[in-house]
Amino acid sequence: MKQPRYKGSTYGFSRASGLMQTRIRKASEARGFAVTRLLTHWAEIVGEATAKIATPVKVSYGKGGMGATLSVLTTGAQATMLEMQKDQIRDKVNACYGYRAISRVRITQTAPVGFTDGKVAFEPADKRRPEPAPAIKAEATQMSNDVTSPDLRAALAALGANVLSKHKTPTKG
């Protein structure tokens, strides 16, 4: 007996996001996030600079029901910077919810659920060095002209340019 052909465009397949949506919602609601958009679009809501140093951890509701507290995880060095931005973070998060859902923002340096969940993703700073000035490069090349090996001469010229660029003014000789 022949099976009837599926008439939809997905041929019996479903989107992965549709399958996981209920599980994600249950997991986020367990931590107090009624709107998962706060978790998934954190960088868009609070800005890239704040999102690099802070992560939302939990929304807890008090007994009085007058606004919730958003717990934000950060490192010890960034906690003072976030402390000054608490009002802006609260306003941006409330704009995401559409009403004054968050009344307080609490900055934590470890997650309230345990040390294994309290990990902050660190992004290393960009380590690009500025290119030495042409005059400094020329001086470093002149200093390494006596070396016969071309590879060693190039390495010494690069080292000399780095050393000379550390000083405020290039030496003249």
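This text gives an overview of the structure that appears in the document. Only a predicted model underlies this, so the values are computations on that prediction, with no experimental measurement involved.

### Section: the overall build of the chain
And then number 1: What the chain contains, in helices and strands, is eight helices and three strands.
And then number 2: Put simply, the chain has 173 residues, and 28% of those count as buried.
And then number 3: Counting contacts in the chain only where the partners sit at least 6 residues apart, residues at least 24 apart contribute 56% of the total.
And then number 4: In the structure as shown, the chain presents an accessible area of about 13000 Å², 56% of it carried by carbon and sulfur atoms.

### Considering a nonpolar patch on the surface
And then number 1: Together, Leu-152, Leu-156, Leu-159 and Val-163 line one region of the surface with nonpolar side chains, adding up to about 340 Å² of accessible area.
And then number 2: Along the chain, Leu-156 falls in helix α8 (residues 150-166).
And then number 3: Residue Leu-156 is classed as partly exposed on the basis of its relative accessible area of 36%.

### Re the nonpolar core
And then number 1: Trp-42, Leu-70, Val-72, Ile-89, Val-93 and Ile-102 are the most contacted members of the largest nonpolar core, which has 20 residues in total.
And then number 2: Elements represented by at least two residues in this core include exactly α3 (42-46), β1 (54-61), β2 (68-74), α5 (79-84), α6 (86-97) and β3 (102-108).
And then number 3: Element by element, the count of residues in this core is highest for α6, at four residues.
And then number 4: Ignoring sequence-local partners within four residues, the contact set of Val-72 consists of Trp-42, Ala-54, Thr-55, Pro-56, Val-57, Leu-82, Val-105, Arg-106, Ile-107 and Thr-108.

### Comments concerning the side chain of Ser-71
And then number 1: By secondary structure assignment, the location of Ser-71 is in strand β2.
And then number 2: Ignoring sequence-local partners within four residues, the contact set of Ser-71 consists of Thr-55, Pro-56, Val-57, Lys-58 and Arg-106.

### Some words on the sheet that holds β1
And then number 1: Read across the sheet, three strands follow the order β1-β2-β3 without closing on themselves; strand pairing throughout is mixed. At either end of the open sheet lies a strand with only one pairing partner, and these are β1 and β3. The mean angle between the axes of side-by-side strands here comes to 25°, regardless of whether they run parallel or antiparallel.
And then number 2: For β1 and β2, the ladder comprises seven bridges, and the chain directions are antiparallel. Counted as the bridge partner of Ala-54 is Thr-74 from β2.

### Considering the environment of Ala-51
And then number 1: Topologically, Ala-51 is positioned in helix α4 (residues 48-53).
And then number 2: Counting along the chain gives ten residues from Ala-51 to His-41, while the straight-line C-alpha distance between them is 9.8 Å.
And then number 3: Apart from residues no more than four positions distant in its own chain, Ala-51 is found in contact with Trp-42, Ala-43 and Val-46.

### Thoughts on the environment of Ala-133
And then number 1: Looking at where Ala-133 falls in the secondary structure, it is placed in the loop between β3 and α7 (134-143).
And then number 2: Ala-133 gets classed as partly exposed once you look at its relative accessible area, which sits at 37%.
And then number 3: Between the C-alpha atom of Ala-133 and that of Ser-165, which follows or precedes it by 32 residues, the distance is 7.7 Å.

### Some points on the pattern of salt bridges
And then number 1: The tally for this structure, following the rule as stated, stands at four salt bridges.
And then number 2: A salt bridge links Lys-86 to Glu-83; the shortest N-O distance between them is 3.0 Å.
And then number 3: Its relative accessible area of 24% is what places Lys-86 among the partly exposed residues.
And then number 4: The partner of Asp-87 in a salt bridge is Arg-90, with the nearest N and O atoms 3.3 Å apart. One end of the pair, Asp-87, and the other, Arg-90, are both in helix α6, three residues apart, so they sit about a helical turn from each other.
And then number 5: Take Asp-87: its relative accessible area is 46%, and that puts it in the partly exposed class.
And then number 6: Relative accessible area serves as the criterion here: at 19%, Arg-90 is assigned to the buried category.

The rules behind each value
- Residues numbered from 1 in each chain as written.
- Predicted model: local features only at pLDDT ≥ 70, side-chain atom pairs only at ≥ 80, totals over all residues.
- Heavy atoms only, no water.
- Helix = DSSP H or I, 4+ residues; strand = E, 2+ residues; numbered from the N terminus.
- Buried < 20%, exposed > 50% of the residue type's maximum accessible area, 1.4 Å probe, protein only.
- Contact = heavy atoms within 4.5 Å.
- Areas by Shrake-Rupley, 256 points an atom, 1.4 Å probe, with all protein chains shown as cover.
- Patch = residues over 30% accessible without salt bridge, like charges linked within 9 Å, V, L, I, M, F, W, Y side chains within 5 Å.
- Salt bridge = Lys/Arg side-chain N within 4 Å of Asp/Glu carboxyl O.
- Core = buried A, V, L, I, M, F, W, Y, C linked by side-chain atoms within 4.5 Å.
- Pairing = 2+ DSSP bridges.
- Axes fitted to C-alpha atoms, helices over the stretch in contact; angles between N-to-C directions.

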